[in-house]
Amino acid sequence: MNNKHILILRRKYGAEGTNGTIYYAGELICHTIELPDKNNEKKASCIPKGTYRLRRYHSLKYPNEIGISGVPNRSGILFHTANYAKGELQGCIAPLMTLTGDGRGDNSALALAKLKALVYSLWDQGGEVFVLIKG
């Protein structure tokens, strides 16, 4: 099976949040926000740099989402909508179309739809899909 990797290149670590950009095969997909870097503290920090397997995630609150597995000492990490990291995230990653400041951006729902279309398409091609976080 042919494994595929999407890349999150973190561009800025700030007190209000961590900003990054998602690429696949060299193409910009969208941007990301996460909580500030607090040494992988549960519900308070961005996740550590590294490579993690993406998986289908289903719950009542987040049906049909993308889960991120294998994060050390963490569980329940997802890609989901949010426009302000400190007010709307508890350790997950929010995709956005536009970054507007540290841990802030716009059009999260549109960015999530774009990311989901990509990742679900990659899953449909077979093999595993991973996210590589750098920067």
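The rules behind the values
Residues numbered from 1 in each chain as written. Predicted model: local features only at pLDDT ≥ 70, side-chain atom pairs only at ≥ 80, totals over all residues. Heavy atoms only, no water. Helix = DSSP H or I, 4+ residues; strand = E, 2+ residues; numbered from the N terminus. Buried < 20%, exposed > 50% of the residue type's maximum accessible area, 1.4 Å probe, protein only. Contact = heavy atoms within 4.5 Å. Polar contact = N/O pair within 3.5 Å; in protein donor to acceptor, adjacent residues only side chain to side chain. Salt bridge = Lys/Arg side-chain N within 4 Å of Asp/Glu carboxyl O. Expected span 1.5 Å × (residues − 1).

A. Here's a closer look at the environment of Thr 100. For Thr 100, the position within the fold is in strand E8 (residues 98-101). Given a relative accessible area of 48%, Thr 100 falls into the partly exposed group. Each residue touching Thr 100, except ones within four places of it in the same chain, is listed here: Gly 105 and Asp 106. A polar atom in the side chain of Thr 100 sits 3.4 Å from the backbone nitrogen of Gly 105.

B. How the structure looks around the pattern of salt bridges. For the structure shown, the criterion picks out 6 salt bridges. Between Arg 53 and Glu 128 there is a salt bridge, with its nearest N and O atoms 3.6 Å apart. Remark: Glu 128 occurs in the loop between helix H2 (108-124) and strand E10 (129-134) and Arg 53 occurs in strand E4 (residues 50-57); sequence separation between them is 75 residues. Looking at Arg 53, the relative accessible area reads 34%, which means it is partly exposed. Take Glu 128: its relative accessible area is 33%, and that puts it in the partly exposed class. In this structure, Glu 65 engages Lys 116 in a salt bridge whose closest nitrogen and oxygen atoms are separated by 3.7 Å. Remark: Lys 116 occurs in helix H2 and Glu 65 occurs in strand E5 (residues 65-69); sequence separation between them is 51 residues.

C. Main features of H2. The end-to-end C-alpha distance of H2, which contains 17 residues, comes to 24 Å, matching closely the 24 Å that a straight helix rising 1.5 Å per residue would cover. Note on H2: the residue one or two positions beyond its end, Gly 126, has a positive phi of about 95°.

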